[in-house]
Amino acid sequence: MDDRRARRAFVELADTLQNALDSRVLIEQAKGMLAARLGVGIEDAFGVLREHARARNRKLLDIAQEVTDGILWIAPHG
């Protein structure tokens, strides 16, 4: 029984870590796309992404997904 429980805990941890990695990759892709599109650095692109999500009370990951899917186009300010 303990082996099964340990194995299940390991699988759950592996799934959690994989989801975190997938989320990180998606956000990094969105940052890169925004940086190129807006002509800004990666940190500034992340700020734009974060502020867009905050202003709309949306999850950063959801906004990143829409940016990478081409559904959301965040225009440069100014």
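Overview of the structure. If you're wondering where the values come from, they're calculated on a predicted model, not measured in any experiment. The numbers attached to residues start from 1 for each chain and follow its sequence in the written order. Where totals are concerned, whole chains, interfaces and linings use all residues; where local detail is concerned, this predicted model gives features only for residues with pLDDT of at least 70, and gives and counts side-chain atom pairs only at 80 or more. Based on all heavy atoms of the structure, the side-chain values leave hydrogens and waters out of the count.

**A few points about helix α1 (residues 2-38)**
Part 1 of the argument: Per the convention used, a helix needs a DSSP run of H or I reaching at least four residues, while a strand needs a run of E reaching at least two, with both numbered from the N terminus. One less than the residue count of a helix, multiplied by 1.5 Å, gives the span that helix is expected to have. An ideal rise of 1.5 Å per residue puts 54 Å on 37 residues; α1 measures up with 53 Å between its terminal C-alpha atoms.
Part 2 of the argument: Considering only its buried residues, α1 is in contact with α2 (42-55) and α3 (60-69).
Part 3 of the argument: Backbone geometry just after α1 places G39 at a positive phi near 70 degrees. Note on contacts: a residue pair is in contact if any heavy atoms of the two residues lie within 4.5 Å.

**Some remarks on the nonpolar core**
Part 1 of the argument: Put simply, a nonpolar core is a bunch of buried Ala, Val, Leu, Ile, Met, Phe, Trp, Tyr and Cys residues held in one set by side-chain atoms that sit within 4.5 Å of each other. Between buried and exposed lies partly exposed: a residue is buried under 20% and exposed over 50% of the maximum accessible area for its type, with that area taken using a 1.4 Å probe on protein chains only. Membership of the largest hydrophobic core comes to 15 residues, with the highest contact counts inside it found for L34, L49, I63, A64, V67 and I74.
Part 2 of the argument: Contributions of two or more residues to this core are made by α1, α2 and α3.
Part 3 of the argument: The greatest single-element share of this core, amounting to six residues, is contributed by α1.
Part 4 of the argument: Aside from chain neighbours lying at most four places away, what touches V67 is A30, M33, L34, R37, L49, L72 and I74.

**Considering the packing of α1 against α2**
Part 1 of the argument: Packing of α1 against α2 brings their axes to within 8 Å, and their N-to-C directions diverge by 105 degrees. In terms of orientation, α1 and α2 fall into the roughly perpendicular class. In this structure, α1 contributes I27, A30, K31, G32, L34, A35 and L38 to the contact, and α2 contributes I42, A45, F46, V48 and L49. Every axis corresponds to a line fitted to the C-alpha atoms, with the helix fit spanning only the stretch in contact, and the corresponding angles, defined between N-to-C directions, vary from 0 to 180 degrees. Here roughly perpendicular refers to angles of 65 to 115 degrees, roughly parallel to angles under 35, roughly antiparallel to angles over 145, and oblique to all remaining angles.

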